[in-house]
Structures are given as structure tokens and as C-alpha cells.
Amino acid sequence: METIIVKKSGALNGHLKVNGSKNSILPILAASLLTREKCTLHEIPDLEDVHVMCDLLSNLGAKINKTNNNSLEIQVENIINYEAPYDLISKLRASFLVMGPLLSRINKAKVSMPGGCAIGTRPIDLHLKGFKNLNVDINFNRGYIQAQTEDIIGNNVYLDFPSVGATENLMMVACTAKGKTIIENCAEEPEIIDLANFINSMGGKIEGAGTKTITIVGVDELHGTEYTVIPDRIEAGTYMVAAVLTGGELYIDNVIPAHVQPVIAKLREVGAEVVESRNSVMVRSKGMINSTDIKTLPYPGFPTDMQAQFMLLLSLANGTSVINETIFENRFMHANELLRMGANIKIEGNTAIVNGLNSLTGTKVKATDLRAGAALILAGLVADGETEISEIHHIKRGYADIVEKLQAVGANIAYSM
Ligand code: UD1
């Protein structure tokens, strides 16, 4: 079984380039089902999650042609299958995002219920409630959701919680509906704006993405387009933490500073220097890590996807920090692994109390999910001795070339069989 071995490394210094956003490209790939014509996409990260989404789309009838390392052409002239099976949905929850585009294109979809995952039960009730509001019939049959409609009809939808996935699925189903749809209390993440921009570049009429209310006027048909996805703000945030943690200085390129403001604010609170430029940030350690409190919230609040990396950082801070996880019910699995490295963390419900220490110790640990895995790699950079991380398939889901990128800025890290 392949593992990653990390040895205690000095300060990380130099330049790193961030890839295109995983959480943008997944819905954008799903949205390419909305047209018969060809879509050309740029800045595609080479990630397991992207491969799984491409497999699913190929199953549904997509012809995908990789034009170079970071670009691909995708064309779904005919939908040949409208089912997303359990084995793909269980590998990639975001594959549920094909439901909206399938309904838009052929008025029916059959998608497996996602089931549980490492970070909680993650229901899909908000997606389904929204579909029903738009005149879609939903039936459950042997673990599958069968959805069909005569016509998708625009309507008002209020989301009880600003779910990213539900906002995306509803935007996609509504873009060819009869009439106008207004989604209220929707998610405001940058990836929502990216998906809206993509659909609008295909001839869609979506307004308000990035605010609490999105208005979509249905159009008859969408056409092909060429589109570049935004940079990955969570990959950027992960390397920003690495700079502070190791006492280094990293210049992180291909970042939209506005998208990482909650992370920048917290890094400044812990004592780091952060300089923002147009498409990059420089993060320099000032030698100390102060404690701070964190509460994860929907965007523009602090991202749950950065919580594990900050739990690690605060494990080495001066003093006690409190982390409150409000987005997912079971997202502290990494705490157990950090405890095995000597961290002092107490979990009470959705709160973690982190008592900062001077050092951690390397040992064998397991990546329990994607961001937990990234936090363990960073932990290995500063822990005494050697850290061996298993279950690294989780890390490959979301970080392209993380080992190579960290090596290039001075980390002692390698794959091992
Ligand atoms: C997306 C991101 C993920 C990120 C998360 C929150 C992608 C591919 N993934 O996931 O990296 O951690 O946003 O920022 O973009 N919920 C319901 N009912 C629903 C839908 C969601 O109760 O129908 C709950 C979930 O269980 C969870 C919370 O809402 O507790 C947030 O989920 P959501 O915003 O939908 O996250 P995802 O789109 O799955």
C-alpha cells in the first residue's frame, strides 16, 4: 500500500503554484451535460475526484478529449444513460450534481442515494425539496432516487441552509426551466459564481450568484463554450498554513486574494505576515504562532475545508484555542491522529479545545479524509522524526502533486510503497 513519508523539515521557502479549483471543476463538468455542443475547459487539476466525475460523464454519453495537461474538451451530443450508480456516488459525493443537468436535458434522472461518508451523514433533502418546487417528481426505489418531470417550471425556492451542492444542482436544473426561478438563502461560495459564469457563457441567464438570492431565467437551449476555472482557494490556504507552521516564507501564485480573506485574517491573528498581490499572496512567519478561536461557517465565513489544517497549526500555538465546527457533524477525525502525534486536543460535541504545545512526534497515521490527510502531511513537516501517512488516496482526491510541490520548497517528503 502506497504511503507518504514526511521527515522533519526546516522552513519552507520559495514559490508554489496553485491548481484550478476542485470544487469548481466538479460542478462545471456536470454542467457540460447541459448542452449538445462542445465545451473546452482550462486549468483542470489532475485529481482522483476529476477522474471519477469524467468516468461518470463518459457513462452518460460524454466524449472527453484531454487536449493538454490542464485542458480538456467535453461534448455530450446524446445522453445514452441517465443513471449514476452507487459505486460512483459513494466514491464521489459530488457526482450527485449530475441530477440537475440530466433533468434539464432529458427530464429524467436516476441517481443513487449518497449514503454516509467520513465527515457525517450529509443528507440531500435540500436538493430534492428544491427539485420538487420546480415540478419534478421524486420517488425512492431500492436505494435510488428516480426523478422525472413533464416540464421543469421556474418557481421560488428557499433553502433552509445555504448548501453549496443544492444551490449548484438547482441553478443547473433551473437554467432551462419554463419561466423564472429565485433561490433564496443560497450558498455564496466563489465556486457558485464560477458555475454561474460558466452557464452564462453557454447562454444561460443567471443573476445574483455570490449573494444570498440567485435569479435564473430559463432559456430554451444552451450552447458550447470555452472556460477557465478559478484557482483552488483551499489548496492555497493549505500552503499558506505550511509557511507559518514551518517558520518559512512562501510566495503562492494563482490565488485570488479575495477568496482567501477568512484564512488571511486568521493567519494574521496567529502572528504571520501576509502580503496580497493581484494573483498571489506571500506568507511569512514572524517566528511565533499565537492561539486564536475559529468557527467554521458558510462563505464568506471561515471554511470547514481549512479546519483540519488550522487545528494542526493551533496545536503548536502559544496558549489555548477553541474550534467550533458548525458545517459538518463529524469532522474532527483528524484530532485522533494528531493526538497520536502528541497533540493536546479535547473534543466536546462540535467543539475542539486545542492546547498548544512546543512539538509533535512523528509516527504512523491515517488520512481519514481529504483535508485531514493534508493536515497530517503538514504535521509531518514539523514533527520530530518521521511521519508515515497511509490511506493517501484521500489526499489524491484533492491535491495534485502535493509531494512534488512541497519538495520544491524544501520539504523532506516522498512517496513510499
Ligand atoms: C461542498 C464542498 C465541500 C465543502 C462543503 C461546505 C464540493 C464538491 N464540495 O460540499 O468541499 O466542505 O461544500 O463548504 O463543492 N446538507 C443538508 N441537506 C442537503 C445538503 C446539505 O442537510 O440537502 C448539509 C450537509 O449535511 C452539511 C451542510 O449542509 O452538513 C453543508 O453541505 P453542502 O454545503 O451541501 O456541502 P457540499 O456541497 O456537499
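Anything mentioned here points back to the structure above.
Note that this is a predicted model, so its numbers are computed, not measured. (Residues numbered from 1 in each chain as written. Predicted model: local features only at pLDDT ≥ 70, side-chain atom pairs only at ≥ 80, totals over all residues. Heavy atoms only, no water.)

Here's the deal with the overall build of the protein chain
Note the following rule: The secondary structure listing takes helices from DSSP runs of H or I that are at least 4 residues long and strands from runs of E that are at least 2 residues long, numbered from the N terminus. Categorising residues by exposure relies on relative accessible area from a 1.4 Å probe, with only protein chains included: less than 20% of the type maximum marks a residue as buried, more than 50% marks it as exposed, and the intermediate range marks it as partly exposed. The contact rule is simple, with two residues in contact once any of their heavy atoms fall within 4.5 Å. To measure how exposed things are, a 1.4 Å probe is used in the Shrake-Rupley method; for residues, cover is taken only from the protein chains shown.
Helix and strand counts for the protein chain come out as 14 helices and 24 strands. Overall, the protein chain is about 65 × 45 × 40 Å in size when its C-alpha atoms are taken along their principal axes. Across the 417 residues in the protein chain, those meeting the buried criterion constitute 57%. Within the protein chain, contacts between residues separated by at least 24 positions form 73% of all contacts whose residues are at least 6 apart in sequence. Looking at the protein chain as shown, the accessible area adds up to about 16,000 Å², and 46% of this sits on carbon and sulfur atoms.

Some words on the nonpolar core
Worth spelling out the cut-off: For our purposes a nonpolar core is just a set of buried Ala, Val, Leu, Ile, Met, Phe, Trp, Tyr and Cys residues, chained together by side-chain atoms within 4.5 Å.
Within the largest apolar cluster, 73 residues are counted, with the highest numbers of intra-cluster contacts made by L29, L41, V98, M99 and I199. Considering every element that reaches this core, the biggest residue donor is helix α2 (residues 48-60), with 7 residues. The residues contacting M99, other than those within four sequence positions of it, are A109, V111, L128, F131, I138, I145, A147 and N169.

Topic: the pattern of salt bridges
To keep things clear, this is the line we draw: Put simply, a salt bridge is a Lys or Arg side-chain nitrogen that is within 4 Å of an Asp or Glu carboxyl oxygen.
What the rule picks out here adds up to 18 salt bridges. For E43, the salt bridge identified is with K17, shortest N-O distance 4.0 Å. With E43 in the loop between β3 (38-42) and α2 and K17 in strand β2 (residues 13-17), this pair connects stretches of sequence that are 26 residues apart. For E276, the salt bridge identified is with R268, shortest N-O distance 3.4 Å.

Quick word on helix α11 (residues 333-340)
Using the following cut-off: Taking the helix axis as origin, the arc is that swept by the directions to the C-beta atoms.
Taken together, the buried positions of α11 are occupied by H334, A335, E337 and L338. On an axial view of α11, the arc spanned by its buried residues comes to 165 degrees, and they lie on one face. Where α11 ends, the next residue or the one after it, G342, has phi of about 100 degrees, a positive value.

A closer look at the site of the ligand
Rule in force here: When at least one non-hydrogen atom of a residue lies within 4 Å of a molecule or strand, that residue is treated as near it. Side-chain atoms alone can form a polar contact between residues adjacent in sequence; in general such a contact is a pair of N or O atoms within 3.5 Å, and within protein one must be able to donate a hydrogen while the other accepts it. Three residue categories are used. Nonpolar comprises Ala, Val, Leu, Ile, Met, Phe, Trp, Tyr, Cys and Pro, charged comprises Asp, Glu, Lys and Arg, and polar comprises the others, including Gly.
Around the ligand, the surrounding shell holds 18 residues, and the nearest of these are D125, L126, S163, D305 and I327. L126 has a polar backbone atom sitting 2.7 Å from an oxygen atom of the ligand. Here an oxygen atom of the ligand sits 2.6 Å away from a polar atom, N or O, in the side chain of S163. Protein burial of the ligand: of its 740 Å² of free accessible surface, 84% is covered by the chains. Of all the elements in the fold, those that place two or more residues in the shell around the ligand are α5 (125-133) and α6 (164-174). Considering each element in turn, the shell around the ligand owes the most residues, 3 residues, to α5. For the shell around the ligand, the class distribution of residues is 8 nonpolar, 5 polar and 5 charged.

Observations concerning the sheet that holds strand β1 (residues 3-7)
Formally: Strand pairing requires that DSSP identify at least two bridges connecting the strands. Axis lines are fitted to C-alpha atoms, over the contacting stretch for helices. Their N-to-C directions set the angle, which ranges from 0 to 180 degrees.
The 4 strands lie next to each other as β22-β23-β1-β24, forming an open sheet whose pairing is mixed. Looking along the sheet, the strands with just one partner apiece sit at the ends: β22 (364-366) and β24 (412-416). Here the strands of the sheet are splayed against their neighbours by 25 degrees on average, with no regard to which way each runs. In terms of strand pairing, β1 meets β24 through 5 bridges, oriented antiparallel. Residue T3 lies in a different strand from β24, and its bridge partner there is S416. Along the sheet, helix α12 (residues 370-382) contacts β1, β22, β23 (386-390) and β24; its crossing angle with β1, the most-contacted strand, is approximately 30 degrees.

What about the pairing of strand β13 (residues 213-217)?
Burial along β13 is one-sided: I214 and I216 are buried, and none of T213, T215 and V217, which face the opposite way, are. Bridge analysis of strand β11 (residues 180-184) against β13 gives 5 bridges, and the strand direction is antiparallel. When the sheet's bridge partners are listed, I183 is paired in β13 with I214.

Quick word on the environment of L357
Take L357: it is sitting in the loop between β21 (351-355) and β22. Judged by relative accessible area, L357 falls into the partly exposed class, the value being 26%. Each C-alpha atom, one on L357 and one on S315, is 6.1 Å from the other, the two residues being 42 residues apart in sequence. Each residue touching L357, except ones within four places of it in the same chain, is listed here: S315, L316, A317, G342, A343 and N344.

Side note on α6
Where burial is concerned, most of α6 is hidden: 10 out of the 11 residues are buried. Turning to α6, its buried residues are G165, A166, T167, E168, N169, L170, M171, M172, V173 and A174. With a side-chain oxygen lying 3.5 Å from the backbone nitrogen of G165, the N-terminal cap of α6 falls on S163.

Brief notes about the environment of D401
By the secondary structure assignment, D401 is in the loop between α13 (393-396) and α14 (402-408). Classification of D401 as partly exposed rests on a relative accessible area of 44%. Sequence spacing of D401 and D46 is 355 residues, and the spatial spacing of their C-alpha atoms is 8.5 Å.

As for a negative patch on the surface
Counted only if it meets this: Patches draw on residues past 30% relative accessible area with no salt bridge. Two like charges within 9 Å are joined, as are two nonpolar side chains (Val, Leu, Ile, Met, Phe, Trp, Tyr) within 5 Å. Charge convention: Lys and Arg are scored as positive, Asp and Glu as negative, and His as well as the terminal groups of each chain are ignored. Each charge is placed at NZ for Lys, CZ for Arg, CG for Asp and CD for Glu.
Together, D46, E48, D55, D401 and E404 make up a negatively charged patch on the protein surface. On the secondary structure map, E404 appears in helix α14.

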